[in-house]
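Architecture and fold: a report
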Amino acid sequence: MDKTTQVVDLEKVVIKFAGDSGDGMQLTGTQFTDTSALLGNDLATFPDYPAEIRAPQGTVAGVSGFQIHIGRIDINTPGDIADVLVAMNPAALKANKNWIKKGGTIIVNIDTFTKRDLEKAGYETSPLEDNSFEGYNIIQAPITKLTREALKDSGLDGKSIGRSKNMFALGIVYWMFNRPMKQTEKFLEKKFAKKPEVVAANIKVMHAGYNFADTIEALPSSYTVLSANLAPGTYRNVMGNQAIAWGFLAAAERSNKELFLGSYPITPASDILHELAKHKNLGVKTFQAEDEIAGICSAIGASFTGSLAITTTSGPGLALKGEGLGLAIMAELPLVVVNVQRGGPSTGLPTKTEQSDLMQALYGRNGESPSVVLASSTPGNCFDWAYMASKITLEHNTPVVLLSDGYLGNGAEPWKIKSTKDMPEINPSIAVEGEEYQPYARDEKTLARKIALPGTKGLEHRLGGLEKEDVTGNVSYDPDNHEKMVGIRAEKIKRIADVIPDQQVFGKEEGDLLVIGWGGTHGSLYSAVDNLLADGEEIALCQFNYINPLPNNIETLLSKYKKIVVCELNSGQFANYLRMNFQGTIFNQYNKIQGFPFTSSELESHFKTLLAK
Amino acid sequence: MEHLTNKDFTSDQEVKWCPGCGDYAILRAMQKALPNLERKKEDFVFISGIGCSSRFPYYMNTYGFHTIHGRAPAFATGVKLANPNLSVWQITGDGDALAIGGNHFIHALRRNIDINILLFNNEIYGLTKGQFSPTSKKGIKTKSNPHGTTDEPFSPSDLAIGAQGSFFARVVDTNPKLMQQIFVEAESHRGTSLIEILQNCVIFNDKTFAPITAKEVKKDAQIVLEQGKPMLFGAEMNKGIVLNGFKLEVVTVGENGITEKDILVHDAKEQDPTLHAMLARMRPPEFPAALGIIRAVDRPTFDEGLLAQLEYEKENAKFNTVDELLQSGDTWEI
Ligand SMILES: Cc1ncc(C[n+]2csc(CCOP(=O)(O)OP(=O)(O)O)c2C)c(N)n1
Ligand code: SF4
Ligand SMILES: [Mg+2]
């Protein structure tokens, strides 16, 4: 197809596909993502699902969205607001009206702007006919009608025809951004291999959308986003939950351990269970337990027996796992607990993101029961942190809580494929047959005890949740011994700081403002700081992945900046944790608790005010 | 293999149950039973929850794990799945298994994971000093219900059968020989073997099973069911169980024209659990309490199912290393 319109080169662009839950927006978005990735764009994506599986059709509650940010420059977030919005119905337009850039392009399926659909979306009159969207470039595409037209001779029934209209929208957007349709054609051929008529219909509709865009004059120009300057290598797209699953698989292989997952489904963590359940060929044993408690307890049983054992959940599930985690701390067994955080308290906002389980991860157990706490900070590095969590837990024989969140878990980005051989070695601390074994004797340096696995001749011993006598591990109610053991368990975690790297900053080594974040906010904080650095500001970003223990160099690092601001998606949990650890230092806070990530622009303007004062 | 004795299974820890507690006899029976299994000592694992009974693993010189209240089935499941070669024994009390742990208990039975569950049923919470439990007889007065309980008790056998349990046996702490024999048979059964032990708590619920176990009555108050044998009992072995319509009935051989041929013959292997449930529910004074293996049927186990899937996937998958997984799907070069 030759292009008659002018082609404009863009640095980056944010596109949002929105429609009813049944409109296939996730698939449309994923297709656009995969095609852009193959063209070499850097990108980040974020799906935004409704909490209900089948919210009433056509209502705002039932809108499902998929946002993608592509660029030829470094892309770190799915974008604050969209340059282009595809709205498959009035509800999708209404739900996104504040998330589209002034003057941006909105493609609507005009066939759905009927009285009935407008009413369902809560509009009295069509927002396209009053001044609601003045100044925007609105493309009114008769998507339903043209899809039907294209497929009138296909022999498909009305329902199947209706289902392919997302391909029309995708065709339009492919034209707008000069993307080839090959990748999606290949995808459709594979996905519907058994239904060639469906493949043909979908491809036909996509081409119809593409040609529609090429023909109408409403689109003055099309755009290209050239390939980004990514480091050479082989890439693929990964989502955070998938990367976490793979990180554990890699760690199991490198440590010669069998991977065991005990888990109970919960949004947004279930995809880790789904991903691992697929890979029995790699020897992973997944166990869908009767509840979260059985999930963690089965994992502890497997750990006692020698597996790399993990359990995955989200906030309410972590609450249920508290007692089990306490036992693993007492028994000093390896275990990784993954918490893909969501909005809380209680059932809260299951499909939205938040960072409000930090205190729960650090302290949500009875007694003094310290746990290692780590946090991943990009969809891709979920792989590395799952791997690191496994390494620490197996080498130090103490549980690790790994915090991710809904935004990382469901977000995707291009990932330079790692080789398991490039990952650090893992040396599990296990006693072997013939050695003199005292269950609670410790390594002098790390204070880690050795575990002995059932089936090992001569090392029979008993573990349990009752206080352990130092060295022998026998039950002990001795007051001095108890105080000593509480101290040892705490010190053991502290000493892990000696084997982890110093905390790094991005930006100025010293200066006016240190921005502190942890976990999943990395993308937006990085973008905001990057922009201010370009403006010449003396600013830096310090994004934490090691939460407990903190790296050893934090105190020195903090002293190099005039002002510090801690940004997090909660009311200030990490800020308070830092205050407790570094008394005397003043930590400003920037918080947001709306179920959504920070936008880089809100951060940038806040940092500017802090820098101006 | 070297032959082990009960001494090999005795740990160096001082046993701390109350003098006279039924748990002692169970411990001794277990220590004597295990050598008969001709397995390596290091392959036995005892997993318990919390309660007096759950202290059991500390006294066994095997691998052991005293875990948290009610959750032992989940730990045992993890152990068995991680290493199917192990002989896994779960020790639990009536509160541990049927109150806080009721959910895990029924799910273990439903899955039929290959473990043995010893349910120490003393119809009371021993460790927390005498509150009523889900198996306490209705109306008993305890500290937590001084006016008598209004709770309807659970029947462990009905729960087990309702959860599709494949093996249910009952023993009494006063019969060490029967305990030893049943422990050995439970281990050879593939699937979840549940053994209910009527255990006397001398301190908080003394003699609650006396109508079944007391010397003076036991011959008439117990029937030990044996596979393929007529259900006869009594001091003279002349009483028997028959089915009269939909109901069980006790009859005397030689009276009213009853001969041994009329007496029910025990078949623990019958898939239909109806009769098993009725037998397990029998109680004095009307009936003798049924002991021995009441139900033992063949049913696929959860662990074998999972292992078979793993084997199949390993043999038929396109790849077998993590690096191949990472490189699979859509990739591109830069
Ligand atoms: C989470 C939790 N809740 C409550 C307890 C207190 N507790 C310990 S044992 C027990 C009941 C024990 O009864 P049972 O299981 O019948 O065992 P027994 O002592 O009779 O052998 C209770 C309520 C506990 N340890 N943990
Ligand atoms: S309280 Fe009862 S069950 Fe517990 S040890 Fe004493 S006698 Fe045994
Ligand atoms: Mg009890």
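Our structure is the block above this text.
A few points on the structure. Within each chain, residue numbers correspond to sequence positions counted from 1 in written order. Labels are handed out in written order, letters beginning with A for the chains and numbers beginning with 1 for the ligands. Reporting of local features is limited, given that this is a predicted model, to residues whose pLDDT is at least 70; pairs of side-chain atoms are given and counted only at 80 or more, and all residues count toward the totals for whole chains, interfaces and linings. Remark: hydrogens and water are excluded; side-chain values derive from all non-hydrogen atoms of the structure.

What about the overall build of chain A?
Counted only if it meets this: Only DSSP runs of H or I covering at least 4 residues are called helices, and only runs of E covering at least 2 are called strands; the numbering of each starts at the N terminus. Throughout, a contact is declared for two residues whenever any of their heavy atoms are within 4.5 Å. The Shrake-Rupley method, run with a 1.4 Å probe, gives the accessible areas here. Residue values count only the displayed protein chains as cover. The charged-residue count follows a simple rule in which Lys and Arg add positive charge and Asp and Glu add negative charge, with His and chain termini not counted at all. Taken as the charge location is NZ of Lys, CZ of Arg, CG of Asp or CD of Glu.
Counting its secondary structure elements, chain A contains 20 helices and 23 strands. The dimensions of chain A, computed from C-alpha atoms along their principal axes, are 85 × 60 × 45 Å. Considering only contacts within chain A whose residues lie at least 6 apart along the sequence, 77% involve residues at least 24 apart. Carbon and sulfur atoms make up 50% of the accessible area of chain A, which amounts to about 23400 Å² in all. A distance of 4 Å separates the average location of the 60 positive side-chain charges in chain A from that of its 71 negative side-chain charges.

Topic: the site of ligand 1
Quick reminder of the rule: Nearness is defined per residue: one heavy atom within 4 Å of the molecule or strand is enough. Definition of a polar contact: a pair of N or O atoms within 3.5 Å, with one able to donate and the other able to accept a hydrogen when the atoms are protein atoms, and with sequence-neighbouring residues admitted only if both atoms are side-chain atoms. Following the grouping adopted for this structure description, the nonpolar residues are Ala, Val, Leu, Ile, Met, Phe, Trp, Tyr, Cys and Pro, the charged ones are Asp, Glu, Lys and Arg, and the polar ones are all others, Gly among them.
The environment of ligand 1 is formed by 17 residues, the closest being C52(B), S53(B), D94(B), G95(B) and D96(B). Lying at an intersection of chains, ligand 1 is approached by residues of chains A and B. For ligand 1, an oxygen atom lies 3.0 Å from a polar atom in the side chain of N122(B). Within the backbone of I124(B), one N or O atom sits 3.1 Å away from an oxygen atom of ligand 1. For ligand 1, the protein covers 77% of the area, taking 590 Å² as the surface of the free molecule. Residue composition of the shell around ligand 1, grouped by class: six nonpolar, eight polar and three charged.

Observations regarding the sheet that holds strand 9 (residues 239–244) of chain B
Across a sheet, paired strands are connected by hydrogen bonds in the backbone, their directions being either parallel or antiparallel. Residues and elements named next belong to chain B. This is how it is decided: Strands qualify as paired when DSSP identifies two bridges or more between them. Only C-alpha atoms enter the line fits that serve as axes; for helices the fit covers just the stretch in contact. Angles between N-to-C directions range over 0 to 180 degrees.
Strand order in the open sheet formed by three strands is 8-9-10, with antiparallel pairing between adjacent strands. For this open sheet the edge positions go to strand 8 (232–233) and strand 10 (247–252), each flanked by a neighbour on one side alone. Pairing of strand 9 with strand 10, which is carried by six bridges, proceeds in the antiparallel orientation. Among the inter-strand pairings, G240 is bridged to a residue of strand 10, identified as V251. Packing of helix 9 (residues 274–281) onto the sheet brings it into contact with strand 9 and strand 10, and relative to strand 10 it is tilted by some 60 degrees.

Description of the sheet that holds strand 20 (residues 539–544) of chain A
All names here are of chain A. Strand order across the open sheet formed by five strands is 18-20-19-22-23, with mixed pairing between neighbours. Since the sheet does not close on itself, it has two edges, and those belong to strand 18 (506–507) and strand 23 (588–591), each with one partner. Sheet analysis places strand 18 next to strand 20, joined by two bridges and oriented antiparallel. Each residue of the ladder has a partner; that of F506, found in strand 20, is L541. Set on the sheet, helix 17 (residues 522–534) makes contact with strand 18, strand 19 (511–518), strand 20 and strand 22 (561–568); between it and strand 20 the angle comes to about 165 degrees.

Examining the pattern of salt bridges
Let me state the cut-off plainly: In what follows, salt bridge is the name for a side-chain nitrogen of Lys or Arg lying within 4 Å of a carboxyl oxygen of Asp or Glu. Relative accessibility under 20% of the residue-type maximum defines a buried residue, over 50% an exposed one, and the middle range a partly exposed one, all with a 1.4 Å probe and only protein chains included.
With the rule as written, the count across this model stands at 32 salt bridges over all chains. Among the ionic pairs, K421(A) bridges to D323(B), the shortest N-O distance being 2.7 Å. Highlighted residues: K421(A) in the loop between strand 16 (412–416) and strand 17 (462–464) and D323(B) in helix 11 (residues 322–327), drawn from two different chains. A relative accessible area of 15% means that D323(B) is categorised as buried. The network of salt bridges with shared partners includes K16(A), D48(A) and K352(A).

A look at the coordination of the magnesium ion (ligand 3)
Residue and element names in this part refer to chain B. Filter applied, for reference: Note: metal donors comprise N, O and S atoms at 2.8 Å or less from the metal (3.2 Å for Na, K and Ca); water molecules are not included, so apparent gaps in a site are possible.
Distances from the magnesium ion (ligand 3) to its protein donors, namely D94 (OD), N122 (OD1) and I124 (O), fall within the range 2.1 to 2.2 Å. Each donor residue of the magnesium ion (ligand 3) lies on one chain, and together they are spaced D-x27-N-x1-I. On the criterion of sequence distance, the pair formed by D94 in helix 3 (residues 94–100) and N122 in the loop between strand 4 (116–121) and helix 5 (156–162) is long-range, its members being 28 residues apart. Both residues of the pair, D94 and N122, belong to the buried class.

What to know about the state of the cysteines
Residue and element names in this part refer to chain A. We apply this condition: By definition, disulfides here are pairs of cysteine sulfur atoms that lie within 2.5 Å.
This structure, assessed with the given rule, holds zero disulfides over all chains. The structure places no disulfide on C382, whose sulfur is separated from the nearest cysteine sulfur, that of C542, by 19 Å. Considering cysteine sulfurs only, C567 is the nearest to C542, which forms no disulfide, with 11 Å between them. Residue class for C542 comes out buried when judged on its relative accessible area of 1%.

Topic: the interface of chain B and chain A
Short version of the rule: By definition, the buried area sums, over both parts, the 1.4 Å-probe accessible area that each loses when the two are put together.
If you look at the interface, chain B gives 58 residues, while chain A gives 71 residues. Buried surface at the junction of chain B and chain A, summed over both partners, amounts to about 5300 Å²; 62% is from carbon and sulfur atoms. It is Y63(B), W332(B) and I334(B) that lose the most area in chain B upon contact with chain A, and together they represent 17% of the buried surface on that side. Where chain B meets chain A, there are 29 residue pairs in polar contact (both at pLDDT 80 or more).

So, the packing of helix 9 (residues 240–254) of chain A against helix 10 (residues 270–277) of chain A
Residue and element names in this part refer to chain A. Let me state the cut-off plainly: If an angle is under 35 degrees, it is roughly parallel; if it is over 145, roughly antiparallel; if it lies from 65 to 115, roughly perpendicular; otherwise it is oblique. For any pair of crossing helices, the crossing counts as left-handed if the nearer helix is rotated counterclockwise from the farther one by less than a right angle, and right-handed if it is rotated clockwise.
Interhelical geometry of helix 9 versus helix 10 gives an angle of 50 degrees and a closest axis separation of 8 Å. Here helix 10 runs oblique to helix 9, going by the angle between their axes. Where helix 9 crosses over helix 10, the two elements pack in a sense that is right-handed. Two secondary-structure elements touch here, helix 9 through N241, Q242, I244, A245, W246 and L249 and helix 10 through D271, I272, E275 and L276.

A word on the pairing of strand 9 of chain B
Residue and element names in this part refer to chain B. Note: strand 8 against strand 9, two bridges, orientation antiparallel. Bridging from a neighbouring strand, L232 pairs with G240 of strand 9. Remark: two residues form the turn of the hairpin made by strand 9 and strand 10, two consecutive strands paired antiparallel; G245 in that turn has positive phi of roughly 65 degrees.

Concerning the side chain of N121(B)
Residue and element names in this part refer to chain B. With respect to the element layout, N121 can be found in strand 4. Note on N121: relative accessible area 2%, which makes it buried. At 3.0 Å, the side chain of N121 and the backbone nitrogen of E123 are in polar contact. Within the local environment of N121, its side chain forms a polar contact with the side chain of T135, the two groups lying 2.9 Å apart. Excluding residues within four positions of it along the chain, N121 makes contact with D94, T135, P156, E196, I197, L198, Q199 and F209.

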